Amino acid sequence: MTKTDRLIKDFGKQIAQGEFEPGSALPSEADLCVRFQTSRNVMREVIKVLSTKRLIDAQRHRGLFVMPNDQWNYLDADVLEWALEKGANKELISSLIEVRSLIEPTISRWAAERATAIDLVAIESSYNEMAASRSDPPAFQEADIRFHNAILLATHNVVIQQLSDAISALQRAIFEYTFRTEDEHITRTIQVHQELFEAIRCRNAKAAEEASLHMVLDTERRAVAELGKDGVSVLR
């Protein structure tokens, strides 16, 4: 990791985790250079990157401000990671699950209609990696993400395909709050992924859509169980 990358991460985390209030003014560029012990050129690059992530509003002659948090780019994997690292954000997790319920069933339906033989090999390979990694949660989760990414690519929709990194980030962010290591849960997870793969392989678009929706609803139930323990529903 370069010095610039490290500063992007450090400064981005400070913003995303509330050290600087949304909407508030940030220190000047010169003061930030002192704070992070770096040059103006490096700090300008850091500000530029964090601006593209919509964490910072940098306007000439006006200064630097933290963007309102409802305008942050939550489809950026870094922003999601930084925002959730400090602790559960029920509203954000609820929004992530809602997005999944909106797009993933349609992605699965399109994959069932459009997948090529090469696509099916990629989906099945990821499924087999999941089944082989049941005793290794990190490997299991990464195989799960590859499984859904392979399905996304099988849509052959160039716009949807550009969302692959963002959707993987959504899944990775939700895992921490919904993943269970119990054997019963792992077995059920493998089973529903097999059902989705078989629906796509058999070109049964309706079954694929229903299997995908079932997955999202199951994730929702686990999120409610984990994050709604205080009696407040995590979902709208």
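Source: prediction; values computed, not measured.

**Some thoughts on the environment of E104**
Then, number 1: Here E104 is to be found in helix 5 (residues 90-114).
Then, number 2: Considering only alpha carbons, one finds E104 and E209, 105 residues apart in sequence, at a separation of 8.1 Å.
Then, number 3: Ignoring anything within four residues of it in the chain, the contact list for E104 reads H148, I167, Q171, S212 and V216.
Then, number 4: A distance of 2.7 Å separates a polar atom in the side chain of E104 from a polar atom in the side chain of R100.

**A short note on the nonpolar core**
Then, number 1: Counting residues in hydrophobic clusters, the biggest one holds 31 residues, and the most contacted among them are I123, F147, I151, L196 and I200.
Then, number 2: When contributions to this core are tallied by element, the ones reaching two or more residues are helix 5, helix 6 (117-132), helix 7 (137-153), helix 9 (164-178), helix 10 (183-201) and helix 11 (205-227).
Then, number 3: The contacts of I123, once residues within four sequence positions are left out, are F147, A150, I151, A154, F197 and I200.
Then, number 4: Among the nonpolar cores identified, the runner-up in size contains 24 residues, and L7, I15, L26 and V79 belong to it.

**Looking at the packing of aromatic side chains**
Then, number 1: For the structure on display, the rule yields three aromatic pairs.
Then, number 2: On the numbers, 5.9 Å between centres and 80 degrees between planes, the contact of F11 with F20 is edge-to-face. Each member of the pair, F11 as well as F20, is classed as buried.
Then, number 3: Note on W72 and Y74: the rings are 6.1 Å apart at their centroids and 50 degrees apart in plane angle, and the pair reads as tilted.
Then, number 4: For Y74, a relative accessible area of 21% gives the class partly exposed.
Then, number 5: Every member of this aromatic cluster is reached through a ring pair, and the members are F11, F20 and F36.
Then, number 6: Here the basic side chain of R62 rests over the ring of F65, its NZ or CZ set 4.3 Å away from the ring centre.

**Details of the pairing of strand 2 (residues 63-66)**
Then, number 1: Going residue by residue along strand 2, you find L64 and V66 tucked away on one face and G63 and F65 left uncovered on the opposite face.
Then, number 2: Note: strand 1 (residues 56-59) against strand 2, four bridges, orientation antiparallel. Residue pairing for strand 2: Q59 is matched across the bridge by G63.
Then, number 3: Between strand 1 and strand 2, which pair antiparallel in sequence order, lie three residues; one of them, H61, sits at a positive phi of approximately 70 degrees.

**Examining the side chain of R100**
Then, number 1: Here R100 shows up in helix 5.
Then, number 2: For R100, the contacting residues outside a window of four places in its chain are P105, Q171, I174, V216 and T219.

**Section: the pattern of salt bridges**
Between side chains of opposite charge, a pair can form as their charged atoms come close.
Then, number 1: Counting across every chain of the model gives 14 salt bridges.
Then, number 2: The residue E29 makes a salt bridge to R44 at a minimum N-O spacing of 2.9 Å. Of this pair, E29 sits in helix 2 (residues 29-36) while R44 is found in helix 3 (residues 40-52), placing the two residues 15 residues apart along the sequence.
Then, number 3: Classification of R44 as partly exposed rests on a relative accessible area of 44%.
Then, number 4: Salt-bridge contacts for E129 lead to R146; the nearest nitrogen and oxygen are separated by 2.6 Å. Pair noted here: E129 is in helix 6 and R146 is in helix 7, with a separation of 17 residues, a long-range link.

Cut-off values and rules
Residues numbered from 1 in each chain as written. Predicted model: local features only at pLDDT ≥ 70, side-chain atom pairs only at ≥ 80, totals over all residues. Heavy atoms only, no water. Helix = DSSP H or I, 4+ residues; strand = E, 2+ residues; numbered from the N terminus. Contact = heavy atoms within 4.5 Å. Polar contact = N/O pair within 3.5 Å; in protein donor to acceptor, adjacent residues only side chain to side chain. Core = buried A, V, L, I, M, F, W, Y, C linked by side-chain atoms within 4.5 Å. Buried < 20%, exposed > 50% of the residue type's maximum accessible area, 1.4 Å probe, protein only. Phe/Tyr/Trp six-rings, centres within 6.5 Å; stacked < 30°, edge-to-face > 60°. Lys NZ or Arg CZ within 6 Å of the ring centre and 35° of its normal. Pairing = 2+ DSSP bridges. Salt bridge = Lys/Arg side-chain N within 4 Å of Asp/Glu carboxyl O.

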